[in-house]
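Listed here are the chains, written in short residue letters.
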Amino acid sequence: MIAVERDQQNLEAKTGRAGPTPETKAKVEPHAIDRLVSSGFLDSDDERALSDIASAYMGLTASQGYASGSLDRVDHSNASAHQEANTAQQIRYSAWRDELARYGDKECHKFVIGLAVEGMSINKMARAFGRSRPTAAKRLRAGLDAYHQVVSKKKNKK
């Protein structure tokens, strides 16, 4: 708490403007993942899975920009440093996508990505993807359960 207060004072000193008041901060809605964890819909394993999925997704989509030549590597290789660092995440992500395709649950992917990457609530996903709220919740849960199965299979093979 002291560090937060010190950062606030530093911000005020640099900009000459006071930051948001505690009342304003209280009005800001918590992130969709935080709300789902507090409601009991998600647990800590789900949180880790969402973080893993988001990192892999961002690594794969960012690598498209790197591969297109927007950033140059010193060794002139096509692979990005970000891609190299997250290979394990990307392998799990690809295995998860394959698992969803194998069982015909490809639609679950967009619900998990909607939460993990976009931070969309279940209600927002339901509206955006044209599904009811219960269906959106089921698709999200099915996608996360499939991810947990893929990760547990990978661990059991080792």
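The following paragraphs examine the structure supplied in this document.

## Observations regarding the overall build of the chain
Summing up its helical and strand segments, the chain has 9 helices and 0 strands in all. Mapped in sequence order, the helices and strands of the chain form the string α-α-α-α-α-α-α-α-α. Burial statistics for the chain: of 158 residues in total, 30% are counted as buried. The long-range share in the chain, meaning contacts at least 24 apart out of those at least 6 apart in sequence, stands at 60%. Element-wise, carbon and sulfur atoms account for 52% of the exposed surface of the chain, whose accessible area totals about 10300 Å².

## Comments concerning the side chain of E107
Mapped onto the secondary structure, E107 falls in helix α7 (residues 107-116). Within polar-contact distance, the side chain of E107 engages the side chain of R131 at 2.5 Å. There is a polar contact of 2.9 Å between the side chain of E107 and the side chain of R139. With residues near it in sequence (within four places) discarded, E107 still touches R131 and R139.

## A look at the nonpolar core
Ranked by internal contacts, the top residues of the largest apolar core, which has 31 residues, are L50, W96, L115 and L140. Elements with a contribution of two residues or more to this core: α3 (32-39), α4 (44-67), α6 (87-102), α7, α8 (122-129) and α9 (133-157). Residue contributions to this core peak at 8 residues, all from α9. If sequence neighbours within four positions are ignored, L115 has contacts with H31, A32, I33, L36, L42, L50, M120, M125 and L140.

## Re the packing of aromatic side chains
This model, assessed by the stated rule, comprises 4 aromatic pairs. When the centroid spacing of 5.8 Å and the interplanar angle of 80° are considered together, the rings of W96 and Y147 count as edge-to-face. Here W96, found in helix α6, pairs with Y147, found in helix α9; they are 51 residues apart in sequence, far enough to count as distant. With respect to burial, W96 and Y147 carry one shared label: buried. An aromatic cluster is present here, built from Y57, Y93, W96 and Y147 joined pairwise through their rings.

## Structural notes on α7
Within α7, 9 of the 10 residues are buried, which leaves the element mostly enclosed by the surrounding structure. Along α7, the positions that sit buried rather than exposed are E107, C108, H109, F111, V112, I113, G114, L115 and A116.

## Things to note about the pattern of salt bridges
Applying the stated criterion to the full structure yields 9 salt bridges. With its nearest N and O atoms 2.2 Å apart, the salt bridge here joins R48 to D45. With a gap of 3 residues between them, R48 and D45 both fall in helix α4, about one helical turn apart. Under the relative-accessibility criterion, D45 is labelled partly exposed at 39%. Between R131 and E107 there is a salt bridge whose closest N-O contact spans 2.5 Å. Here E107 lies in helix α7 and R131 lies in the loop between α8 and α9, a separation of 24 residues in the sequence. Since its relative accessible area comes to 17%, E107 is described here as buried. Each of E107, K110, R131 and R139 takes part in salt bridges that share partners, so that together they form one network.

Cut-offs used in this document
Residues numbered from 1 in each chain as written. Predicted model: local features only at pLDDT ≥ 70, side-chain atom pairs only at ≥ 80, totals over all residues. Heavy atoms only, no water. Helix = DSSP H or I, 4+ residues; strand = E, 2+ residues; numbered from the N terminus. Buried < 20%, exposed > 50% of the residue type's maximum accessible area, 1.4 Å probe, protein only. Contact = heavy atoms within 4.5 Å. Areas by Shrake-Rupley, 256 points an atom, 1.4 Å probe, with all protein chains shown as cover. Polar contact = N/O pair within 3.5 Å; in protein donor to acceptor, adjacent residues only side chain to side chain. Core = buried A, V, L, I, M, F, W, Y, C linked by side-chain atoms within 4.5 Å. Phe/Tyr/Trp six-rings, centres within 6.5 Å; stacked < 30°, edge-to-face > 60°. Salt bridge = Lys/Arg side-chain N within 4 Å of Asp/Glu carboxyl O.

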